Amino acid sequence: MRSIRIRDLILVTSVASAVALTAAPVSAQQPYDGLWSVTVVTKTGSCEPSSSSTVNVVDGKISAQGAGISGTVGSGGLVRVSINGAYANGQLSGNSGSGKWNGASAGVPCSGRWEASRQ
């Protein structure tokens, strides 16, 4: 009778472990992962007046096709980005966000705002 209880305990433990492993995500998706449409507007300086692009966030890391961009989005939505000598920071919340940026064009400082929406 004791060997049956031990066998049952081992079986229950094995099944519980298997269920826990299959329920665990392969990659923990961050709340802001996905494609984002970003519009950048210059408020001061001689940088391009406005531009739009699409960025991808994967595991909280920001990237864009053909752009030298590096940055992160924290689990609370805090954004920090560097792209071609310009720097941006701000906040995402839900499916949108905004912030400020600064950089230079031909050595002349410029700055502005950015807005993003999830695609």
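Residues numbered from 1 in each chain as written. Predicted model: local features only at pLDDT ≥ 70, side-chain atom pairs only at ≥ 80, totals over all residues. Heavy atoms only, no water.

## Topic: the confidence of the model for the chain
Note the threshold: How sure the predictor is of each residue is captured by pLDDT, a score from 0 to 100. Here a residue-residue contact requires only that any non-hydrogen atoms of the pair lie within 4.5 Å.
In this model, the chain carries a mean pLDDT of 82, and residues with pLDDT of at least 70 account for 76%. Confidence drops under a pLDDT of 50 for residues 1–25, and excluding neighbours within four residues, the segment shows zero contacts in the predicted structure.

## Some details on the packing of aromatic side chains
Applicable threshold: Pairing of aromatic rings covers Phe, Tyr and Trp, the last through its six-membered ring, and needs centres within 6.5 Å; plane angles under 30 degrees mean stacked, over 60 mean edge-to-face, and all others mean tilted. Only protein chains enter the accessibility calculation, which uses a 1.4 Å probe. A residue is then buried if its area is under 20% of the maximum for its type, exposed if over 50%, and partly exposed in between.
Applying the stated rule across the entire model yields one aromatic pair. Here the aromatic rings of Tyr32 and Trp36 are separated by 6.4 Å at their centres, their planes lie at 45 degrees, and the arrangement is tilted. Both residues of the pair, Tyr32 and Trp36, belong to the buried class.

## Quick word on the nonpolar core
Convention followed: By nonpolar core is meant a set of buried Ala, Val, Leu, Ile, Met, Phe, Trp, Tyr and Cys residues that side-chain atoms within 4.5 Å join together. Counting from the N terminus, the helices are DSSP H or I runs at least four residues long and the strands are E runs at least two residues long.
In terms of nonpolar packing, the biggest core is built from 18 residues, with Trp36, Val55, Ile62, Val73, Val79, Leu92 and Trp114 touching the most fellow members. Per element, the largest residue contribution to this core is three residues, and it comes from strand E8 (residues 108–118). Residues contacting Val73, with those up to four places away along its chain left out, are Tyr32, Val57, Gly60, Ile62, Leu78, Val79 and Leu92.

## Concerning the pairing of strand E4 (residues 69–73)
Sheet faces and side chains relate simply in a regular strand, where the side chains alternate between the two faces. We count it as follows: Strands were regarded as paired on the criterion that DSSP finds at least two bridges between them.
What you see with E4 is a clean split: Ile69, Gly71 and Val73 sit on the buried side and Ser70 and Thr72 on the side with no burial. Relative to E4, strand E3 (residues 61–63) runs antiparallel, the two being bridged by two bridges. Across the sheet, the residue bridging to Lys61 is Thr72, located in E4. Between the antiparallel neighbours E3 and E4 lie five residues, among them Gly66 with a positive phi of about 70 degrees. Looking at chain direction, E4 and strand E5 (residues 78–83) are connected through five bridges and run antiparallel. Looking at the pairing, Val73 lines up with Val79 of E5. In sequence, E4 turns back onto E5 through a hairpin of four residues, with Gly77 there showing a positive phi of about 95 degrees.

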